[in-house]
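Geometric and topological summary
What follows is the residue order along each chain.
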Amino acid sequence: MESKGPPLYTPAGTLADLSRSQEEDPLVDEPLIPDYALHSAIRREFHAVPTSCHAGLLSLLHVTFVVLSMCLAVLCVLKAGQEEVCAKILDKVQGESVIVFGKVCLWVLVVLFTGFAQHHHSRTRSRGYLQFYRQMQALKHLPLMVHSTGNVMLLVVLAAQLSPTVHTYMLLSIIGLELFAGFPCLIYYIVKVMQFNREKPAPDVSQEEHSHNINITSLPTETGFREGSSLEEVVEKQADLIEYLKQHNSLLSKRLLNLTAQH
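Conventions adopted
- Residues numbered from 1 in each chain as written.
- Predicted model: local features only at pLDDT ≥ 70, side-chain atom pairs only at ≥ 80, totals over all residues.
- Heavy atoms only, no water.
- pLDDT = per-residue confidence, 0-100.
- Contact = heavy atoms within 4.5 Å.
- Salt bridge = Lys/Arg side-chain N within 4 Å of Asp/Glu carboxyl O.
- Helix = DSSP H or I, 4+ residues; strand = E, 2+ residues; numbered from the N terminus.
- Buried < 20%, exposed > 50% of the residue type's maximum accessible area, 1.4 Å probe, protein only.
- Core = buried A, V, L, I, M, F, W, Y, C linked by side-chain atoms within 4.5 Å.

Any segment with low pLDDT has predicted coordinates that should not be analysed in fine detail. The share of residues in the protein chain with pLDDT of 70 or more is 62%, and the mean pLDDT across the chain is 75. Scored below 50 in pLDDT, residues 8-16 shows one contact in the model against residues more than four places distant or in partner chains. Scored below 50 in pLDDT, residues 35-42 makes nine contacts in the model with residues more than four places away or belonging to other chains.

So this is what it looks like as structure tokens:
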């Protein structure tokens, strides 16, 4: 009986076709990309958040505004014996109007700072620092909330029919409360940003991979979400992580294509 199994030897034509296809393939003869080039493409340079200096300058302007407003109110509005000096400096403008105008200018600066901080924190989020972005999400908006609340209180005081003395004391009280509530928020924001810039941490994905590699033998594998975390928080974290990975993969693809073209 004849055996119908596979042939023991490959036909010579098949080997010739295989060798010819390898010779014709241009990628076979191309040099491999060095390891250092791949690591440099994957490793991302740390970018510091440049908002701490602006927050410090805004805090200094806030303190200066409050001090000048109190001096102006005591010397020019409450008539502490400096009427002639105030008349020369302010001309026909009332002291309270100057304070209110300065408060509006300070509020505009706070709005600009909030937009500036939001822009840089969004860039930090796109680089993979998702936890830091969530921690600073509410903190960077607190100064604007404080000053906006002060504006509402100021409008109520301006609309009320109060005596000039009570009106001035209420205005100074609102400015003082803004400083008491907004200044610590800016200082705490500066401390958190400077701490982040000093530590220069890796993106959240790299930190999770590192901790997983260390504890993989001692900790059981978890599926789902941990206890104490809400479903909304888990969904938000997963959405941020997916968005970061999409941008990161797109950037790596472009860099690898450039490296392939160079080598």
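Further remarks concern the pattern of salt bridges. Scanning all chains against the criterion turns up one salt bridge. Two residues, Lys103 and Glu178, come together in a salt bridge whose shortest N-O distance is 2.6 Å. Of this pair, Lys103 sits in helix H5 (residues 95-126) while Glu178 sits in helix H8 (residues 164-199), and the two are 75 residues apart along the sequence. Taken as a pair, Lys103 and Glu178 share a single burial class, namely buried.

In terms of nonpolar packing, the biggest core is built from 31 residues, with Phe113, Phe132 and Tyr189 touching the most fellow members. Broken down by secondary-structure element, the contributors of at least two residues to this core are helix H3 (52-77), helix H4 (83-90), H5, helix H6 (130-139), helix H7 (142-159) and H8. Counting residues per element, this core draws most heavily on H8, at nine residues. The contact partners of Phe132, leaving out residues within four places of it in the chain, are Val49, His121, Thr124, Lys192, Val193 and Phe196.

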